[in-house]
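Tertiary structure, described
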Amino acid sequence: MRISVIGLGYMGLPMAAVLARAGHEVVGVDINPKAVDAVNAGKCHFAEPGVPEIVAEAHKSGRLRAVAKPEAAEAFILSLPTPVDHTTHKADMSFVEAGAKAIAPVLKGGELVIMESTSPVGATEANVRDVIEKLRPDLVGMVAYVFCPERAIPGNTLHEMVHNDRLVGGLTEAATARGVELYKTFCKGAVIPTQARVAELVKLVENASRDAQIAFANELSLVCDQLGMDAWDVIALANRHPRVNIFNPGPGVGGHCIAVDPWFIIHAAPKVTPFMKAAREVNDSKPAFVAGKVRESVKRVRGSQGLRVSGSRVKVACLGLAYKPDVDYLRESPSIAVVEELAGDEGLELMIVEPHIESWDKPLTKLDKAIKEADVVVALTGHKVFKELPEGALAGKAVVDSCGVFRRRGDVSSTVSQEVQA
Ligand SMILES: NC(=O)c1ccc[n+]([C@@H]2O[C@H](COP(=O)([O-])OP(=O)(O)OC[C@H]3O[C@@H](n4cnc5c(N)ncnc54)[C@H](O)[C@@H]3O)[C@@H](O)[C@H]2O)c1
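Bear in mind the structure is a predicted one, so any value in this text is a computation, not a measurement.

Digging into the sheet that holds strand E11 (residues 376-379)
Strand order in the open sheet formed by four strands is E10-E9-E11-E12, and the pairing between neighbours is parallel. Looking at strand neighbours, the two that pair on one side only are strand E10 (348-353) and strand E12 (398-401), the edges of this open sheet. In this sheet, neighbouring strand axes are inclined to one another by 20° on average, regardless of whether the strands run parallel or antiparallel. Bridging between strand E9 (residues 314-319) and E11 involves four bridges; their strand directions are parallel. Within E11, the position partnered with Val316 by the bridge is Val376. Strand contacts of helix H12 (residues 334-343): E9 and E10, with the helix running at about 155° to E10, the strand carrying the most contacts.

Structure (structure tokens):
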């Protein structure tokens, strides 16, 4: 098929390349010239394992190219941003609507239009079909609309995009059947037919459920802190129960999905979602708690004989900006919220370490230098390189470990036995 993927970001570009690998003729569309130029040079404009290789291969095969404005195609896949407005908690559907408006003029009738962007219930109808039909009343009833949520995770996008089970929910049964047929050309997981509204809600539910589970662990970490216990210790012991599986705490919740998608449910049904709202609030409050622990450590370092103080300002190394280990993905990252909360504090000097990116809004410090110079070391992301710091590197330093990356180390005091941690 001739397929156009609108939006060549973290999800759209791998999808375009996967489709090209499956034999389709793919035209990617993006308003960002960097993305278009990269694809036309056979390159990927962001870091994601395996994607540069598959893009290069697809480009070489002649089945993948990119343009700035949509062209006619048999199927369109919208992979556009759907951020949340942090004040109103309403989904910002302007990118999706702009994409729908951009494809409307090239539609002829008979096309399949697939929405992959995570969206509030009813969006395929209201923000895609209705937007197109308003501009093209001649196409009413002539285009097949489908919602197919993307479930892949950064760091393993390529594998999950192909191997995860897929929901294909059409606005009509005929549209669903056409969507299923297309996804079966490259999906190794099950391709499950459903309705658009069901698929829209299921995607949101998946992330709201994970948000709630993480909130439970994060709340537990506050309880353990108040009671003077190690949260990981308590969770590891509770998980020895055959039917208990508690997640691990962290500095909050980040990423494009889990910190955003529950709001689309809460906004649609505010009166019946106090639990989901509380989970969001618990997770959103965690960075401030971690910043508070850092401030306590800074105070302790100042008043302590045993710990090293390098100068008039206490040096604080913040390890990790990414929202999860071993990726360069910073969106909605709670680590950034911690860093920003501390950035204005007098009397401390922040050294920010993120080995997975070249530069950031604030200057970055190399890991070795930060560890050598720091009085306080704050672990914000569980990157492998932090886990592998040599034994003794943290000796004599105050450590705030928000994500459990320094567990099992002899040079960081811990209440947890090795056996429990295993
Ligand atoms: N990234 C993830 O982990 C992930 C996982 C599952 C689902 N999703 C969902 O997938 C969707 C896309 O996410 P993403 O991470 O790929 O976003 P992204 O920001 O990485 O990519 C979106 C791309 O769309 C382009 N764009 C914006 N407006 C456009 C327009 N009018 N026409 C053409 N291109 C336009 C942008 O330039 C950008 O390259 C979102 O709804 C997101 O919630 C993301």
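What follows continues from the structure just given.
Looking at the packing of aromatic side chains
Considering all chains together, one arrives at four aromatic pairs under this definition. Look at Tyr10 and Tyr329: their rings are 4.6 Å apart centre to centre, the planes differ by 80°, and that puts the pair in the edge-to-face class. You can see Tyr10 sitting in the loop between strand E1 (2-6) and helix H1 (12-21) and its partner Tyr329 sitting in the loop between E9 and H12, a full 319 residues away along the chain. Taking relative accessible area as the criterion, Tyr329 reaches 4% and is therefore assigned buried. Taken together, the ring pairs connect Tyr10, Phe46, Tyr323 and Tyr329 into an aromatic cluster.

Remarks on the environment of Arg65
Mapped onto the secondary structure, Arg65 falls in strand E3 (residues 64-67). A residue is classified by how much of its surface remains accessible, and Arg65, at 33% relative accessible area, is partly exposed. Sequence separation between Arg65 and Asn245 is 180 residues; the distance between their C-alpha atoms is 45 Å. Once residues lying within four places of it in the same chain are set aside, the contact partners of Arg65 are Arg2, Val26, Val27, Gly28, Val39, Asn40 and Glu71.

Topic: the side chain of Glu150
Residue position: Glu150 is located in the loop between strand E6 (144-147) and helix H6 (157-163). The exposure class of Glu150 is buried, given its relative accessible area of 7%. In this structure the side chain of Glu150 is engaged in a polar contact, spanning 2.7 Å, whose partner is the side chain of Arg166. Beyond its immediate sequence surroundings of up to four residues, Glu150 is in contact with Met11, Glu116, Met161, Arg166 and Lys203.

Re the domain arrangement of the protein chain
What the domain assignment lists for the protein chain is domain 1 (2-198) and domain 2 (229-257 + 287-421). Here domain 1 and domain 2 have C-alpha centroids that lie 37 Å from each other. If you look at the interface, domain 1 gives six residues, while domain 2 gives seven residues. The interface formed by domain 1 and domain 2 holds two residue pairs in polar contact (both at pLDDT 80 or more) in total.

Some details on the site of the ligand
In the vicinity of the ligand there are 27 residues, among which Met11, Asp30, Thr82, Tyr329 and Arg331 approach most closely. Within the backbone of Leu80, a nitrogen or oxygen atom sits 3.3 Å from an oxygen atom of the ligand. Taking His256, its side chain carries an N or O atom lying 3.5 Å from an oxygen atom of the ligand. In isolation the ligand has 830 Å² of accessible area, and contact with the protein removes 91% of it. When residues in the shell around the ligand are grouped by element, the largest group, three residues, is from helix H4 (residues 94-103). Its residues assigned to classes, the shell around the ligand comprises 14 nonpolar, nine polar and four charged. Shared between two domains, the shell around the ligand takes at least three residues from each, and those domains are domain 1 (2-198) and domain 2 (229-257 + 287-421).

Considering H12
Looking only at H12, the buried set comprises Pro334, Ser335, Ile336, Val338, Val339 and Leu342. Those residues of H12 hidden inside the fold are in contact with helix H11 (274-303), E9 and E10. Of the residues that open H12, the one with a side-chain oxygen 3.2 Å from the backbone nitrogen of Ser335 is Ser333.

Calculation notes
Residues numbered from 1 in each chain as written. Predicted model: local features only at pLDDT ≥ 70, side-chain atom pairs only at ≥ 80, totals over all residues. Heavy atoms only, no water. Pairing = 2+ DSSP bridges. Helix = DSSP H or I, 4+ residues; strand = E, 2+ residues; numbered from the N terminus. Axes fitted to C-alpha atoms, helices over the stretch in contact; angles between N-to-C directions. Contact = heavy atoms within 4.5 Å. Phe/Tyr/Trp six-rings, centres within 6.5 Å; stacked < 30°, edge-to-face > 60°. Buried < 20%, exposed > 50% of the residue type's maximum accessible area, 1.4 Å probe, protein only. Polar contact = N/O pair within 3.5 Å; in protein donor to acceptor, adjacent residues only side chain to side chain. Domains from an automatic or database assignment. Near = heavy atom within 4 Å. Areas by Shrake-Rupley, 256 points an atom, 1.4 Å probe, with all protein chains shown as cover. Nonpolar A, V, L, I, M, F, W, Y, C, P; charged D, E, K, R; others polar.

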